[in-house]
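The chain contents come next:
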Amino acid sequence: MTTATANPLRNTSSRIQLALIGCNHRTASVELRERVAFTQKQALDAADELRRQGILEEAVVLSTCNRSELYGVAGEGGSALTEAMEEFFTSFHGLARAELAGKFYRWSGRDAIYHLYRVAAGLDSMMLGEAEILGQLRTAYGQALDHGATGPVLNRVFQGALEVGKRVRSETEVGARPMSVALAGVKLAERVFGNLKGRAALIIGAGAVAEQVVEQLRHRAIGTLQVVNRSYDRAADLAERVGGCAAPWESLETQMNQPDIIVTSTGGTGPVLTRKMLERAITARGGRPVFVVDLGVPRNVESAASGIYSLYLYNIDDLGEIVEQNKKAREAEVPRAEAIISEHIAKFETWRATLEAGSIVDDLRGRFHQQRQLLLEEKDKEMPELSPEERHRMARITEELIERVLYEPAERLRNGRGMRGRLGAVEALRHIFGLDEGK
Amino acid sequence: MTHYLGYLSLAIYAASFACYARILYVPNVWLGRVASLLLAGGIILQYYDLLERSRFIHTVPYDDLYGSMSLFAWLFAITYLVLEIFHRQHTVGAFVTLLLIAWIGGLGLLVPPQSVTPPPARGALFALHVTLITWGYAAFALSFVLSLVYLVQDSLLRSRRLNSAFWRFPALDVLDQMARSSVYLGLVLVALGVPMGLVWAHRLSGGYSWGDPKVVVTGLILVVYVAYLRLSRSAQWRGSRAALLCALNFVIVLFSYTFVNLYLTRFHRFF
C-alpha cells in the first residue's frame, strides 16, 4: 500500500511563503529607481546571496527602467520575510532603510502573484498594455532559471505570468492599439500600405517627434529614408543616426515624388507643403497613394490638400484624438485582462493548495509514527511477557493502521479537486495536530 | 434525396464565420487557422452534398436553381480559401463566410431542394463550360466583397472614425491586390469557359449563337473587368474609384446570372 503524495516541495518547504518587495514608476522617483536598479550580473549575484544567507530558497530579480522588484520564496519566515528581503535590498544597494520609506511596496502570497501577473499583462506599466515588459520579464526569469536560482514555486509563478502576458495580448485589446502619436501615424500608414518593408519615406524637419516616427519606420524595415530640413547639418545628423540620406531644403519638391510616407514636423509660419505641390507629387507617382503625417504646429500642410484623391492626411490633432480614443479603448479592456489574471491565480491557488495539503499528510505521518514509537516503547515496558515475534507483529499492525488511516486523504489530495476552497481546513488541521511546532 | 450534408456544411460555415468574426475583435493566429480549417471542412462537406446531387442528375448541378446556386456558393468558398492562403489574410473571412451563409441559408429557405429532375444529357464539355463560367462568376463575387470592404476601410480612414475592427481589417493595398487576384482568376475562368460553350453549341447546331443575350452580356462582363484591371492602375482611378467600379461591375454579373438566365436567353434558360 503506497501513501506518499508526489510533492515537488519536498526538498524546499512544506508551506509556500512567496513574497515580493520593490518599487516602480508610481512609487519611486527616477533617481531612486536608478539607485536600486540591478544589472544582469547584480541580479544573479543578489539571488545567490539571498539563498546563501538562507533568506530565500528561490529568487528572481526583475529590474527595468520603470521597476526594481525582488520575488522570493522562503521555507520559513512568515511575516518577517519581506522585512528580511528589504533589509537585504537596502544593504545590497548601500541605502538606508529610511530612504525607502513609503517608496517600496511589499506583497506576499496571492497579492504578490496578482502584482506579478498585472506586470506581465502590462497593466502596471507606465503606458497601459505596453509589450516590452513581457520580454523583460521573460529575460529576467530565463536568466534566474538558467542560473538555478528558481525552484518549483517561482517556476510555476513566472511561467503563469508569461502565459498571462501572452493571453492578455492575444485575447484582449489592452495592447492592440497605438498609444503614441508617432506609433499611431505609422500604424495608420500600415492600414494603407500593409507591410512597410521596402517602402520609401520622406522626413521633413528633424524634431524629436519626427525622430520617434523614424524610429518606428526603421523597426518596420522601411526601404528608403530621406531627411530634409532647413538646416542641412541637422538633416545630415538625423540621417546619419537613422541610416537615411539627407537632402537640401531646396530639393524638397523633387524629393516628394518618391516617398509613400511623408512625415513633416518643421517650424515656420506658413504651410511647407501646398495642395499644388502634393498634387504634382502624386501625379509624378502615377497616382499611387501618399500617406502624410503632419506633426507641425502650426500645420505644415495646407488644409486644402486633404481633399486630394490618393492622399491620406493626418495632422497632430487627428493623431492625438486617435491616441486618446485608443487609451480609452485599452482602459475598457482592463476588466477582461483582470479576468484572465484571476483565472490564472485560481490555477496557481489550486496547485498550491494541492501541494500544501499534500505536505500535511507527510507531516501527519511523521507525527503518527513518532507517537507510535513512543506507544510501542511504553508497551514494551508494560508487557515484558511478549515474545519478539509478537512485538514485531504489533509494530507491523500499528504501522499498517497509520497507513490505512492516511491512505484515503492522500488519494483525495492526489486528485486535487476542490482543494483551493479548503485551505482553511488544512490550516486548522495543522493547528489541531501542532504540525508547525518546532519548525 | 437527403440534404443532411448540405445542412451540416452550412453549420460548419457558420462556425467558421464565428471564428472569423471573433478575430476581427480579438487577434488570435490559432483562431484564424481554426476558421480556415472549418471553412475547408465546410467546402469538403458541401462537395459531397453536390456530388450526391450530381450522381442523381448525371451532370454538374446547373439545371435547377438550388443546385446551380449551391455550386456557385461552393466555388465562391473555394476561391476565397485559395486567396486567403495566397495572401495570408484572415480578416476578410468574416464578410465572405457571412455572405456564404446568407446565400446557402436563403437558398434553402427560398428554394425547396427536393424538386429536382435530371436534365437532358449534354456531355462533359458542356458541364465543364458551366462549371468554369460559374466559378468565374464566383470569383467576381469575391472581388465584389473585397471591393466593398476596401470602400468601407477607405471611408473610415478618411473620416477618421477608427473603431476596434478598423485596426484588424487588411490594409487597402492588400484588399486591392486580393480583389485584383480574384478578378484575374474570374477573367481566366470565363475566358476558358466561353469557347467551350461555343464549341459545344457549334457541335450541336453547326453554328455559333453570337447574338444570344447571355453571350453578349458575358462579353460585356469580360470588357468591364478588363477595363477595371487597366483603370485600377491609372492615376485617376487607382484606389477607391477602381474599387467602386469593381463593385458596380458585379451588378452586370448578377444581371447575367439572374435576369438574363430567366428571361432573355434561349440557350441558357435552365431554371
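Residues numbered from 1 in each chain as written. Chains lettered and ligands numbered in written order. Predicted model: local features only at pLDDT ≥ 70, side-chain atom pairs only at ≥ 80, totals over all residues.

Caption draft 1: Molecular detail of the interface of chain B and chain A. Taken together, the contacts link 17 residues of chain B with 22 residues of chain A. If one sorts the elements of the side of chain B that touches chain A by residue count, helix H6 (residues 172-205) of chain B sits on top with 3 residues. The class makeup of the residues in the side of chain B that touches chain A is 9 nonpolar, 5 polar and 3 charged. (Contact = placed C-beta atoms within 7 Å. Helix = DSSP H or I, 4+ residues; strand = E, 2+ residues; numbered from the N terminus. Nonpolar A, V, L, I, M, F, W, Y, C, P; charged D, E, K, R; others polar.)

Caption draft 2: Structural view of the confidence of the model for chain B. In the predicted model, chain B carries a mean pLDDT of 86, and the fraction of residues at 70 or more is 91%. In the predicted assembly, ipTM is 0.81 and pTM is 0.70. (pLDDT = per-residue confidence, 0-100.)

Caption draft 3: Representation of the environment of Gly287(A) within the structure. The residue Gly287(A) is located in the loop between helix H11 (275-284) and strand S9 (290-294) in this model. Between the C-alpha atom of Gly287(A) and that of Leu311(A), which follows or precedes it by 24 residues, the distance is 9.3 Å.

Caption draft 4: Inspection of the packing of helix H6 (residues 152-171) of chain A against helix H12 (residues 316-382) of chain A at higher detail. All names here are of chain A. Contact pair H6 / H12: the axes reach a minimum separation of 10 Å and the direction vectors enclose 155°. When the interaxial angle is binned, H6 and H12 end up roughly antiparallel. Once H6 is placed against H12, the crossing between them reads as right-handed. For the pair formed by H6 and H12, the contact residues are Arg156, Val157, Gly160, Glu163, Val164, Arg167, Val168 and Glu171 on the first element and Ala337, Ile340, Ile341, His344, Lys347, Phe348 and Trp351 on the second. In terms of residue class, the contact of H6 with H12 is made up of 8 nonpolar, 2 polar and 5 charged. (Axes fitted to C-alpha atoms, helices over the stretch in contact; angles between N-to-C directions. Parallel < 35°, antiparallel > 145°, perpendicular 65-115°, else oblique. Left-handed = near helix turned anticlockwise from the far one by under 90°.)

Caption draft 5: Spatial organisation of the pairing of strand S6 (residues 224-228) of chain A. Residues and elements named next belong to chain A. Burial analysis of S6 places 4 of its 5 residues in the buried class, which makes it a mostly covered element. Both strand S5 (residues 200-204) and S6 contribute to a ladder of 5 bridges, which runs parallel. Following the sheet pairing, Ala200 is matched in S6 by Thr224. Read from S5 through helix H8 (residues 208-219) to S6, the crossover connection turns out right-handed. Sheet topology note: the S6/strand S7 (residues 245-247) ladder contains 3 bridges and is parallel. By the bridge assignment, Gln226 is partnered in S7 with Cys245. One crossover worth recording links S6 to the parallel S7 by way of helix H9 (residues 232-242), and it is right-handed. (Buried ≥ 20, exposed ≤ 12 C-beta atoms within 10 Å, placed from the backbone. Pairing = 2+ DSSP bridges. Right-handed = clockwise from strand over helix to strand, strands pointing away.)

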